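For reference, the chains in residue letters:
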Amino acid sequence: QVRLVESGGGLVQPGGSLRLSCAASGRIISFTTMGWYRQAPGKERELVAIKTGGGNTRYADSVKGRFTISRDKAYKMVYLEMNNLKPEDTAVYYCLAREGAEYWGQGTQVTVSS
C-alpha cells in the first residue's frame, strides 16, 4: 500500500551537483519523519539527512554545508540538493519515510568521478 520512489541519481564530476527526489504514495497520507540514507560498496548504511516532526533537521557531519534536505507541505515528498560533490559521496541513496512503521525506497545510484 505504501511506496517510495527515488529519482535524480546519476554520474557527475567532482564539484558538481545533483538533486534527488522521493515521492511517497499509499494509505498513509503524510509522514512525520522523512530523510535520506546512503550505502557505499562494502560499508554500512549511514544517515545523510533527516527531517522530523516540528521541522527539526539533522545532517551527517560529512555533508554539512554541502547538502540541503527539504520536503513539501503535505509531508509526502522529500528532496536532497547535493552541491560540491566529492568522490566519497559515491553510494546508493535511499529514501526513508516513517509514521509508526518505516518505509524504504529501492535506492538511486550516485557516482562522483572524473
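Values in this document were obtained by computation on a predicted structure and should not be read as measured data. (Residues numbered from 1 in each chain as written. Predicted model: local features only at pLDDT ≥ 70, side-chain atom pairs only at ≥ 80, totals over all residues. Heavy atoms only, no water.)

**Re the pairing of strand β5 (residues 46-52)**
As a reminder, the rule being used: Should DSSP find at least two bridges between two strands, the strands are regarded as paired. Numbering of helices and strands runs from the N terminus; a helix is a DSSP stretch of H or I covering at least four residues, while a strand is a stretch of E covering at least two.
Note that strand β4 (residues 33-39) and β5 share 5 bridges and pair antiparallel. Opposite M34, over in β5, you have K51 as the bridge partner. Following β4, the chain reverses through 6 residues before pairing antiparallel with β5; G42 in that reversal takes a positive phi of roughly 75°. With antiparallel pairing between neighbouring strands as the criterion, β5 and strand β6 (residues 56-59) make up a hairpin whose turn holds 3 residues, including G54 at a positive phi of roughly 85°.

**Points about the sheet that holds strand β3 (residues 18-25)**
Filter applied, for reference: With axes taken as lines fitted to C-alpha atoms, and helix axes fitted only over the stretch in contact, angles between N-to-C directions fall between 0 and 180 degrees.
The antiparallel open sheet is built from 4 strands, whose spatial order is β1-β3-β8-β7. The sheet terminates laterally at β1 (3-7) and β7 (67-71), the two strands that pair on one side only. Strand-to-strand twist in this sheet, taken as the mean axis angle between neighbours without regard to direction, amounts to 15°. Where β3 meets strand β8 (residues 77-82), 6 bridges bridge the pair, whose relative direction is antiparallel.

**What to know about the nonpolar core**
Our working definition: For the purposes of this section, nonpolar cores are sets of buried Ala, Val, Leu, Ile, Met, Phe, Trp, Tyr and Cys residues that join through side-chain atoms within 4.5 Å. Relative accessible area decides the class of each residue, using a 1.4 Å probe on protein chains only: under 20% of the type maximum gives buried, over 50% gives exposed, and in between gives partly exposed. Should any heavy atoms of two residues lie within 4.5 Å, those residues are considered in contact.
Grouped together as the largest cluster of nonpolar side chains are 28 residues, with contacts concentrated most on W36, V48, F67, L80, M82 and Y93. Those elements that place two or more of their residues in this core are β3, β4, β5, β7, β8, β9 (91-99) and β11 (108-112). For V48, the residues in contact, after removing those within four places along its chain, are W36, Y37, R38, R58, Y59, A60, V63, F67, L80 and Y93.

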